[in-house]
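What the coordinates show
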Amino acid sequence: MAEKSFKYVIVGGGVAAGYAAREFTKQGVKPGELAIISKEAVAPYERPALSKAYLFPEGTARLPGFHVCVGSGGERLLPEWYTEKGISLILSTEIVKADLSSKTLTSATAETFKYQILLIATGSTVIRLSDFGVQGADAKNIFYLREIDDADKLVEAIKSKKNGKAVVVGGGYIGLELSAALRVNNIDSTMVYPEPWCMPRLFTAGIAAFYEGYYANKGIKIIKGTVAVGFGTNENGEVTDVKLKDGRVLEADIVIVGVGGKPLTTLFKGQVEEEKGGIKTDAFFKTTVPDVYAVGDVATFPLKLYGEMRRVEHVDHARKSAEQAVKAIFASEQGKSVDEYDYLPFFYSRAFDLSWQFYGDNAGDTVLFGDSSPTSTTHKFGSYWIKDGKVVGVFLESGTPEENKAIAEVARVQPLVQNLDKLATEEAPKTCTIYINFKTLAAEAAILSLSPVIKNGSC
Ligand SMILES: Cc1cc2nc3c(=O)[nH]c(=O)nc-3n(C[C@H](O)[C@H](O)[C@H](O)COP(=O)(O)OP(=O)(O)OC[C@H]3O[C@@H](n4cnc5c(N)ncnc54)[C@H](O)[C@@H]3O)c2cc1C
């Protein structure tokens, strides 16, 4: 088969690839120079939509509606856009071998692709219960969600099992978003997870109590402290029930598993240095191999703000790391340089009529603020993370755009907290200006009054 050759190749066609392609055109890439090779059959899209509006019974999101870069308010890059720009979008093509020394990629159908500069953007894959030999884990109607094909299968099952029963295994953001989506589709849903509260990687017990209460009020059952150890099946090989470690058996027409992901680095094992489970990069997403960059979920990069190497599996970072890498590639070709990547971690989720944002680092002591009663009609609450006397992270549920902007600023500036005890114990704190401002953040004037506080770097 003929060999194809490109100046730049992006392997992977997800969020990072799409934002990288846009940046390549901004930087003046010439027609014919860039190729994106993707296992998926569609042009890059905003992956978070798959667990949200893609599953809604009404107002459903469908492609081409959510191709990148609409998720960050940018231009929607339709498949034609790539053609117009002379970018080769090579879809339904899985790369099965990467030889970084000869700069050659080989596909599952033995096509070969040569590159001068490679951008690795292969993202993550889901962890499967069959990997752990869980009995019956290959049954029909047990779903995972990573790519659009997975979402399509799930949509079909939701339609065919109308008013059925579902069990969601895992209490992370996938579990929380999907159990809500099932409920909205009128499917009886039960969540099962081993931890004492949902989303323990980010949520504090106080934050989780709100969501667990809210979900219970919506009719979602939650079983904590146990795991799925097996699945029963019928004569068609379809799942019928979930066996729990504590002996309980839950009826199920649909099972969704959301127990985590792992970065797709296998193609490059032994050829490039890894750290913390990802491909090690510098602040320009350059790996330890010349002319090879890694962005998005697969990259372990220096997180300047916290002075340590981190891997971040969030869409905002996928977008920004891709742009940074492409800027750095063009700058180095011109003998110039760009500023180091200086990222403020940002993560969000939406389910039912809830919407939260988190900025910064969830390290240190925490202080819950606001109205976090799950039955309250005016719920609005959040949490600060305070480390070494500084606010390093802020979570906010139901914030307005201005308030979310304000919490991002707080997490970036890291103001000092002079009296943590008072901050933590006062019912309506008056000691900390930031805190007072959050009580009244709805008023724009209050947000503006946050600025001097931030400038002082102290509350
Ligand atoms: C359902 C879901 C909901 C999410 N919701 C949120 C959210 O609300 N907020 C948030 O911050 N983050 C969310 N995320 C995480 C976010 O989507 C990811 O961090 C982001 O997509 C990472 O971008 P990426 O380009 O690194 O990887 P991806 O977007 O996963 O893209 C990787 C691409 O590489 C392709 N690929 C992999 N291996 C090969 C190969 N060998 N050959 C060819 N192609 C290959 C894949 O098919 C895929 O197209 C969500 C993720 C999922 C799955």
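Bear in mind that the values here come from a model prediction, so they are computed numbers and not experimental data.

**Considerations on the nonpolar core**
Counting residues in hydrophobic clusters, the biggest one holds 77 residues, and the most contacted among them are Phe-24, Leu-105, Leu-118, Leu-119 and Phe-268. If you count residues domain by domain, this core takes at least three from each of domain 1 (3-125 + 262-333) and domain 3 (353-456). Excluding anything up to four places from it in sequence, Leu-118 contacts Val-9, Val-11, Leu-100, Leu-105, Phe-268, Asp-291, Val-292 and Tyr-293.

**Side note on the domain arrangement of the chain**
When the domains of the chain are assigned, the result is domain 1 (3-125 + 262-333), domain 2 (129-259) and domain 3 (353-456). Here domain 2 meets domain 3 over a buried area of about 1200 Å², counting both sides, of which 74% is carbon and sulfur. A per-residue breakdown of the area domain 2 buries against domain 3 is headed by Leu-202, Phe-210 and Tyr-214, which together make up 45% of the total. Taken together, the links from domain 2 to domain 3 amount to zero salt bridges. Where domain 2 touches domain 3, the interface holds three residue pairs in polar contact (both at pLDDT 80 or more). For the side of domain 2 that touches domain 3, the per-class residue count stands at eight nonpolar, four polar and one charged.

**What about the packing of aromatic side chains?**
Each aromatic ring pair is characterised by the separation of its centres together with the angle its planes make. On inspection of all chains with the given rule, the structure shows 28 aromatic pairs. Between Tyr-215 and Phe-352, the aromatic rings sit 5.2 Å apart at their centres with planes inclined by 80 degrees, giving edge-to-face as the arrangement. Of this pair, Tyr-215 sits in helix 5 (residues 205-217) while Phe-352 sits in the loop between strand 22 (346-351) and strand 23 (354-360); the two residues are 137 residues apart in sequence, bridging distant segments of the chain. Residue Tyr-215 is classed as buried on the basis of its relative accessible area of 2%. Ring geometry for Phe-346 against Tyr-348: centres 5.9 Å apart, planes inclined by 25 degrees, an arrangement best described as stacked. Given the relative accessible area of 16%, Tyr-348 is considered buried. Members of the aromatic cluster, each reached through a chain of ring pairs, are Tyr-173, Phe-203, Phe-210, Tyr-211, Tyr-214, Tyr-215, Phe-347, Phe-352, Trp-356, Phe-381 and Phe-395. Sitting above the plane of the Tyr-54 ring, Arg-62 keeps its charged end 3.9 Å from the centroid. The ring of Phe-352 carries the charged tip of Lys-218 above its face, separated from the ring centre by 5.1 Å.

**Let's talk about helix 6 (residues 315-333)**
Under the 1.5 Å per step criterion, the end-to-end length of helix 6 is 28 Å for 19 residues, consistent within 8% with the ideal 27 Å. Across the 19 residues that make up helix 6, a large majority, 15, are buried. Directly after helix 6, the chain includes Gly-335, whose backbone phi takes a positive value near 70 degrees.

**With respect to the layout of surface pockets**
Of the voids in this model, the second largest pocket is the one considered here, and its volume is about 260 Å³. As for the second largest pocket, its lining consists of 16 residues, of which Pro-48, Gly-71, Arg-319, Tyr-348 and Arg-350 are closest to the centre. If you list the elements that add at least two residues to the lining of the second largest pocket, you get strand 22 and strand 23. No other element matches the four residues that strand 22 contributes to the lining of the second largest pocket.

**So, the UniProt feature "domain: FAD/NAD(P)-binding" (unreviewed entry) in the chain**
Using the residue numbers shown here, the UniProt feature "domain: FAD/NAD(P)-binding" (unreviewed entry) corresponds to residues 6-322. Taken end to end, residues 6-322 comprises 20% helix and 28% strand; its first and last C-alpha atoms sit 18 Å apart.

**What to know about the pattern of salt bridges**
Under the definition given, this model contains 26 salt bridges. Between Glu-340 and Lys-304 there is a salt bridge, and its shortest N-O distance comes to 3.9 Å. A residue pair is termed long-range when its members are at least 10 positions apart, and Glu-340 in the loop between helix 6 and strand 22 and Lys-304 in the loop between strand 20 (299-303) and strand 21 (308-311) qualify at 36 residues. The class of Glu-340 is partly exposed, set by a relative accessible area of 45%. Overall, the relative accessible area of 46% leaves Lys-304 in the partly exposed class. In this structure, Arg-412 and Asp-342 form a salt bridge, with 3.1 Å as the shortest nitrogen-oxygen distance. Linking Arg-412 in helix 7 (residues 401-413) with Asp-342 in the loop between helix 6 and strand 22, this pair joins segments that are 70 residues apart in sequence. With a relative accessible area of 36%, Asp-342 lands in the partly exposed category. Each of the salt bridges in this network shares a partner with another, and the network as a whole consists of Glu-273, Glu-275 and Lys-280.

**What about the site of the ligand?**
Lining the immediate surroundings of the ligand are 35 residues, of which Glu-40, Lys-52, Arg-146, Glu-147 and Asp-297 lie closest. One nitrogen or oxygen atom from the main chain of Glu-313 is found 3.4 Å from an oxygen atom belonging to the ligand. Coverage of the ligand by the protein chains reaches 98% of its 990 Å² of free accessible surface. Sorting the residues of the shell around the ligand by element identifies helix 1 (15-26), helix 4 (173-184), helix 6 and strand 22 as the ones contributing at least two each. Its residues assigned to classes, the shell around the ligand comprises 15 nonpolar, 10 polar and 10 charged. Residues lining the shell around the ligand come from more than one domain, with at least three contributed by each of domain 1 (3-125 + 262-333) and domain 2 (129-259).

**Comments concerning the pairing of strand 13 (residues 239-244)**
Inspection of the sheet shows strand 12 (residues 228-233) paired to strand 13 by five bridges, in the antiparallel sense. Residue pairing in the sheet places Ala-228 in a bridge with Leu-244 of strand 13. With three bridges joining them, strand 13 and strand 14 (residues 249-251) adopt antiparallel strand pairing. What sits directly across from Lys-243, in strand 14, is Val-249.

**A short note on the sheet that holds strand 17 (residues 274-275)**
One open sheet accounts for four strands, arranged 17-18-20-21; its pairing is mixed. Pairing within the sheet leaves two strands with one partner each, and these edge strands are strand 17 and strand 21. Where strand 18 (residues 278-280) meets strand 20, two bridges bridge the pair, whose relative direction is parallel. Opposite Ile-279, over in strand 20, you have Ala-299 as the bridge partner.

Conventions we followed
Residues numbered from 1 in each chain as written. Predicted model: local features only at pLDDT ≥ 70, side-chain atom pairs only at ≥ 80, totals over all residues. Heavy atoms only, no water. Core = buried A, V, L, I, M, F, W, Y, C linked by side-chain atoms within 4.5 Å. Buried < 20%, exposed > 50% of the residue type's maximum accessible area, 1.4 Å probe, protein only. Domains from an automatic or database assignment. Contact = heavy atoms within 4.5 Å. Buried area = accessible area lost by both parts, 1.4 Å probe. Salt bridge = Lys/Arg side-chain N within 4 Å of Asp/Glu carboxyl O. Polar contact = N/O pair within 3.5 Å; in protein donor to acceptor, adjacent residues only side chain to side chain. Nonpolar A, V, L, I, M, F, W, Y, C, P; charged D, E, K, R; others polar. Phe/Tyr/Trp six-rings, centres within 6.5 Å; stacked < 30°, edge-to-face > 60°. Helix = DSSP H or I, 4+ residues; strand = E, 2+ residues; numbered from the N terminus. Lys NZ or Arg CZ within 6 Å of the ring centre and 35° of its normal. Expected span 1.5 Å × (residues − 1). 1 Å grid on protein atoms, 1.4 Å probe; cavity = no way out; pocket = protein on both sides within 12 Å on 5 of 7 lines; lining within 4 Å. Points joined across faces, edges and corners; volume = space filled by probe spheres on them. UniProt positions renumbered as here; feature names shortened; annotations may be inferred. Near = heavy atom within 4 Å. Areas by Shrake-Rupley, 256 points an atom, 1.4 Å probe, with all protein chains shown as cover. Pairing = 2+ DSSP bridges.

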